[in-house]
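Geometric and topological summary
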Amino acid sequence: LFANLPEAATDAAFALIEAYKADTFPLKVDLSPGFYRDEDARPWILPSVEKAKQDLLNDSTADHEHAPILGHEALIHSAQRLVFDATCEDTATIASIQTIAGTGANHLGALFLAKARCPRTVWISDPSWINHQEIWQLVDSGIERQTYPYFDKQSFIIDFEGTISTLNLKAREGDIVILHGCAHNPTGLDLTKDQWKAVADVCEEKKLVPFFDVAYQGFATGDLAEDAWSVRHFFHNTSLEMLVAQSFSKNFGLYGERVGVLHVVCRTEIARSKATNMLSRLSRAEITTAPINGAKIVAKVLGDTNLKQQWQNDLLHMSHRMKSMRKRLVDALLKRQTPGAWEHILTDIGMFSMTGLQPDQIQTLKERYHIYLLPSGRISITGLTEHNVEYVAEAFHKVTVA
Ligand code: PLP
C-alpha cells in the first residue's frame, strides 16, 4: 500500500540542519536555520524565560490538565494586547485561539478562511517563508495560490511597484493577501510606513483580506511597537476584517514549546462569536487543545511587569547582536572587495538576508568550507560570531572570485 506513495521532497532547511550536525569539521558554520544563536553559536535561553520557568516550577497548584479549547486564557489576552495594542473594548470583536506556534496559526487560519469565505485566490509574496506555499497547498480546497513580486533580485530592494500593481490589477474581492508583519523572511526587507499605508488602502479599495504573519515582534528591531506597526495600522486605522498568525518561537526562544495564537479580527461581536465557534471546531478536530507549558511561560512573562521589562532587555540583546554581526560581516566583505552587493545587509531587518550567492557557490561553501546556507542564498545572521565572521567572509570571497 505505502510502497506506491509518491516521493515527497525532503525539507531543505531541516536536511541542512541534520547535515550540519553530522559534520565533524571544527570550523563549521551554520547559516541556515531561523533560530537565534548566542555569541558562541549556541542556543540561548532568555533570562526572562528562565526566571518564569523557575517561578512556574514553584507553583504547587500546577497540574497537567487540558487548557480550555481556545487555549490558555492569560496567554490569549496578553497576546492580543501585545500585537494589536488592544483595549478591552477592541478585543470584543477579535476571535483568538491558541495554536501550535506560528506554523499552526498559519495553518488554522488557512483552514478557517477556506471554510469560512471560500476565497478564490491567496496572494503570497515572492519569495516568502517556504511554509506559506506548503500550508496553502495542504489546505487545498480549490483556492488558487498566486504570488506578488516582492523582491527585486538585481538591486536587493523591495519591488513595491510590482507588489502594489499586482494587488491592484489582479487581486479580486475576497482574496487573501499574506503579509509579513515585520522582518520579512527570507529577504529581511520591510515596507516603510507610507508603503504599509498604501497596501492598506489597496486592501480596503479592493476588499481584500489581509492575513498577517507576525513571527518576529520585538525580535526584529528590539522595539515591540515598531515591529507591530503594520498590524496596528491595519487594526486601528482601517475597518478591514483580517487575520494575524502570532508566533512566540523567536521572540521568546521557545522554539520547541510551540506557542502561538491565531487572531481573526471580525469587527462585530456577532461575527466574532461565529468565528470563535468555527475556530474551536477546526482546532478540536486537529489538536483538541493546545500545549500548556510554553503558553504558561509566555503568559507569566507578559503578565509580570519586572519579567516583561527583563524580556524587553533580552529582545534588545538579541537584536543588537544581530545588528553588530551584520556590520562585522559587511565590513569584512568590503575590506576584501568581495564581488557582490553586500551593503543592504546592514539595513536588512531581523535574522535573514539574501546574499545573491549562486547554487554552485553555495555547494562549494558547504563542501570545501563547511558553511551551510539555504540553496536560495538566504543567510541567517545569528549563525555568525566574532570567532567565525572573518572565516565566513573569506570563504564568501573565495567562492565569488573563483
Ligand atoms: N512565519 C514566518 C515568517 C517564519 O519565518 C516562521 C519561522 O521561521 C514561522 C512563521 C513559524 O514559526 P513557528 O512555527 O516556529 O512559530
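Computed from a predicted model, the values in this text were never measured in an experiment. (Residues numbered from 1 in each chain as written. Predicted model: local features only at pLDDT ≥ 70, side-chain atom pairs only at ≥ 80, totals over all residues.)

The secondary structure content of the protein chain amounts to 16 helices and 13 strands. Rg of the C-alpha trace for the protein chain: 21 Å, near the compact-globule value of 21 Å for 402 residues, within the 12% margin. Taken along its principal axes, the extent of the C-alpha atoms in the protein chain is 65 × 60 × 55 Å. Looking at the protein chain as a whole, 45% of its 402 residues are labelled buried. Pairs at least 24 apart in sequence give 76% of the contacts found in the protein chain among residues at least 6 apart. (Helix = DSSP H or I, 4+ residues; strand = E, 2+ residues; numbered from the N terminus. Rg over C-alpha atoms; globule rule 2.2 N^0.38 Å. Buried ≥ 20, exposed ≤ 12 C-beta atoms within 10 Å, placed from the backbone. Contact = placed C-beta atoms within 7 Å.)

To continue, consider the nonpolar core. The biggest cluster of nonpolar side chains holds 111 residues, and the ones touching the most others in it are Val177 and Val298. Top contributing element to this core by residue count: helix α13 (residues 305-335), with 8 residues. Of the domains in this structure, domain 1 (11-44 + 319-401) and domain 2 (66-303) are the two that each give at least three residues to this core. Setting aside anything within four residues of it in sequence, one finds Val177 in contact with Trp123, Leu167, Ala171, Cys203, Leu208, Pro210 and Phe211. (Core = buried A, V, L, I, M, F, W, Y, C linked by C-beta atoms within 7 Å. Domains from an automatic or database assignment.)

A few words now on helix α12 (residues 293-302). The buried count for α12 comes to 9 of 10 residues, which makes it a mostly enclosed element. For α12, the set of buried residues is Gly294, Ala295, Lys296, Ile297, Val298, Ala299, Lys300, Val301 and Leu302.

Let us look at the sheet that holds strand β7 (residues 176-180). Pairing in this open sheet of 7 strands is mixed, and the strands run β2-β10-β9-β8-β7-β3-β4 from one edge to the other. A strand with exactly one partner marks an edge of an open sheet, and here the two such strands are β2 (94-100) and β4 (144-149). If you compare each strand with its neighbour and ignore which way they point, the axes differ by 20° on average. Across 7 bridges, the pairing between β2 and strand β10 (residues 259-265) is antiparallel. When the sheet's bridge partners are listed, Ile94 is paired in β10 with Val265. Lying on the sheet, helix α5 (residues 101-116) is in contact with β2, β7, β8 (209-214), β9 (242-247) and β10; it crosses β10 at an angle near 30°. (Pairing = 2+ DSSP bridges. Axes fitted to C-alpha atoms, helices over the stretch in contact; angles between N-to-C directions.)

Our focus in this paragraph is the environment of Leu346. As for its placement among the helices and strands, Leu346 is situated in helix α14 (residues 344-347). When neighbours within four sequence positions are excluded, Leu346 is seen to be in contact with Arg326, Lys327 and Val330.

On to the domain arrangement of the protein chain. Along its sequence, the protein chain is organised into domain 1 (11-44 + 319-401) and domain 2 (66-303). Domain 1 and domain 2 are separated by 29 Å when their C-alpha centres are compared. Each partner contributes residues to the interface: domain 1 has 16 residues there, and domain 2 has 18 residues. Of all the secondary-structure elements, those providing two or more residues to the side of domain 1 that touches domain 2 are α13 and β11 (352-354). Of the residues forming the side of domain 1 that touches domain 2, the biggest block, 3 residues, is contributed by β11.

Below, the discussion takes up the site of the ligand. Inspection of the region around the ligand gives 13 residues, with Ala101, Gly102, Thr103, Ser247 and Ser249 positioned closest. Considering every element that reaches the shell around the ligand, the biggest residue donor is α5, with 3 residues. A breakdown of the residues in the shell around the ligand according to their chemical character gives 4 nonpolar, 8 polar and 1 charged. (Near = placed C-beta within 6 Å. Nonpolar A, V, L, I, M, F, W, Y, C, P; charged D, E, K, R; others polar.)

By the element assignment, Val261 lies in strand β10. For Val261 and Ala220, which are 41 residues apart along the polypeptide, the C-alpha to C-alpha distance reads 19 Å. Each residue touching Val261, except ones within four places of it in the same chain, is listed here: Leu75, Ile76, Ala79, Ser96, Ile97, Gln98, Thr99, Ala105 and Gln246.

UniProt annotation of "domain: Aminotransferase class I/classII large" (unreviewed entry) refers to residues 28-396 when read in the numbering used here. The span residues 28-396 is 47% helix and 15% strand, and its two end C-alpha atoms sit 14 Å from each other. (UniProt positions renumbered as here; feature names shortened; annotations may be inferred.)

What follows deals with helix α7 (residues 160-170). Residues of α7 that are buried include every one of Thr163, Thr166 and Leu167, and no others. Taken end-on, α7 shows its buried residues confined to a sector of 90°, consistent with a single buried face. Exposed side of α7, more than 90 degrees from the buried face: Glu161 and Leu169 are the residues found there. Contacts from the buried residues of α7 go to β3 (121-126), β4, β7 and α8 (193-206). (Arc of directions from axis to C-beta.)

Viewed as axis vectors pointing N to C, α8 and helix α10 (residues 229-237) meet at an angle of 40°, and their least axial separation amounts to 10 Å. Here α10 runs oblique to α8, going by the angle between their axes. Helix-helix and strand crossings are classified by hand; for α8 and α10 the assignment is right-handed. Contact residues: Lys193, Trp196, Lys197 and Ala200 in α8; Trp229, Ser230, His233 and Phe234 in α10. Residue classes in the contact of α8 with α10 are distributed as 4 nonpolar, 2 polar and 2 charged. (Parallel < 35°, antiparallel > 145°, perpendicular 65-115°, else oblique. Left-handed = near helix turned anticlockwise from the far one by under 90°.)

So, about the packing of helix α15 (residues 359-369) against helix α16 (residues 389-401). Interhelical geometry of α15 versus α16 gives an angle of 130° and a closest axis separation of 10 Å. By the angle class used here, α15 and α16 are oblique. As α15 runs across α16, the sense of the crossing is right-handed. From α15, Gln361, Thr364, Leu365 and Tyr369 reach across to α16, where they touch Ala395, Val399 and Thr400. Of the residues belonging to the contact of α15 with α16, the class tally is 4 nonpolar, 3 polar and no charged.

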